[in-house]
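# Summary of structural features
The lines below spell out each chain.
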Amino acid sequence: KGLQRVLRATPTHTVNQESLPAAAPASPASATTLRFTTALRGLNVTVLPNHNLLKHPADASHGYTIMLNSISPEWECLPQHSGINKAIAKGCIEDGSTTAVNDALQQAIAQFAEANGAGPTYGDVLVTPTYGALRADGFTAIAHALGADCSDRGKRYRVPLFEPTAPPTLAAVF
């Protein structure tokens, strides 16, 4: 409960495809780290080929405890959904309840709306704790982010930078 935070994303820098470093082809056992910087901040993105994001990496230097969920535009995280959203929901089943993480997400949405005067939308991030097997495995929080993606579903907000073969799409592991 102490991990629930309401965040509003504020872009500080626009990255275009031409400014991105080219990632070298990686073998299944190697990781590629890209560094994105602005005048104020830096972000390292590590691509772990063939890694199951719901498990800890074999190389402890690539360890993490906070998961990134590519949330659905409906702002729900349930086992009947698809992709990483579904996998996270299934990993958070606790005491037979399939809605623990979604219940926390709905509380975070209400807090966000109260703080911002409207519900979350594209570019916003809500953080909830983990539950069930994910918590037992040492993962502590889930950052639910709604952003552009490269699917062909009509309800998605498409941005050319995030086409299926664009470098940022290939670098982001959801």
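Please refer to the structure higher up on the page.
All figures in this text were calculated on a predicted structure; none of them were measured in a lab.

Assigned secondary structure in the protein consists of four helices and six strands. Going from N to C terminus, the protein has its helices and strands arranged as β-β-β-β-α-α-β-α-β-α. Looking at the protein residue by residue over its 174 residues, the buried ones come to 32%. Looking at the protein alone, contacts between residues at least 24 apart form 52% of all its contacts between residues at least 6 apart. Just so you have it, the protein exposes about 10,100 Å², and 56% of that area is on carbon and sulfur atoms.

Moving on, we get to the side chain of T130. With respect to the secondary-structure elements, T130 resides in the loop between β5 (125-129) and α3 (132-136). There is a polar contact of 2.6 Å between the side chain of T130 and the backbone oxygen of F139.

A separate point is the side chain of H144. With respect to the helices, strands and loops of the structure, H144 is situated in strand β6 (residues 141-145). Separated by 3.0 Å, the side chains of H144 and N69 make a polar contact. A distance of 2.8 Å separates the side chain of H144 from the side chain of T128, its partner in a polar contact. Not counting chain neighbours up to four residues away, the residues in contact with H144 comprise N69, I71, W75, C77, V101, L105, D124, V125, L126 and T128.

Conventions we followed
Residues numbered from 1 in each chain as written. Predicted model: local features only at pLDDT ≥ 70, side-chain atom pairs only at ≥ 80, totals over all residues. Heavy atoms only, no water. Helix = DSSP H or I, 4+ residues; strand = E, 2+ residues; numbered from the N terminus. Buried < 20%, exposed > 50% of the residue type's maximum accessible area, 1.4 Å probe, protein only. Contact = heavy atoms within 4.5 Å. Areas by Shrake-Rupley, 256 points an atom, 1.4 Å probe, with all protein chains shown as cover. Polar contact = N/O pair within 3.5 Å; in protein donor to acceptor, adjacent residues only side chain to side chain.

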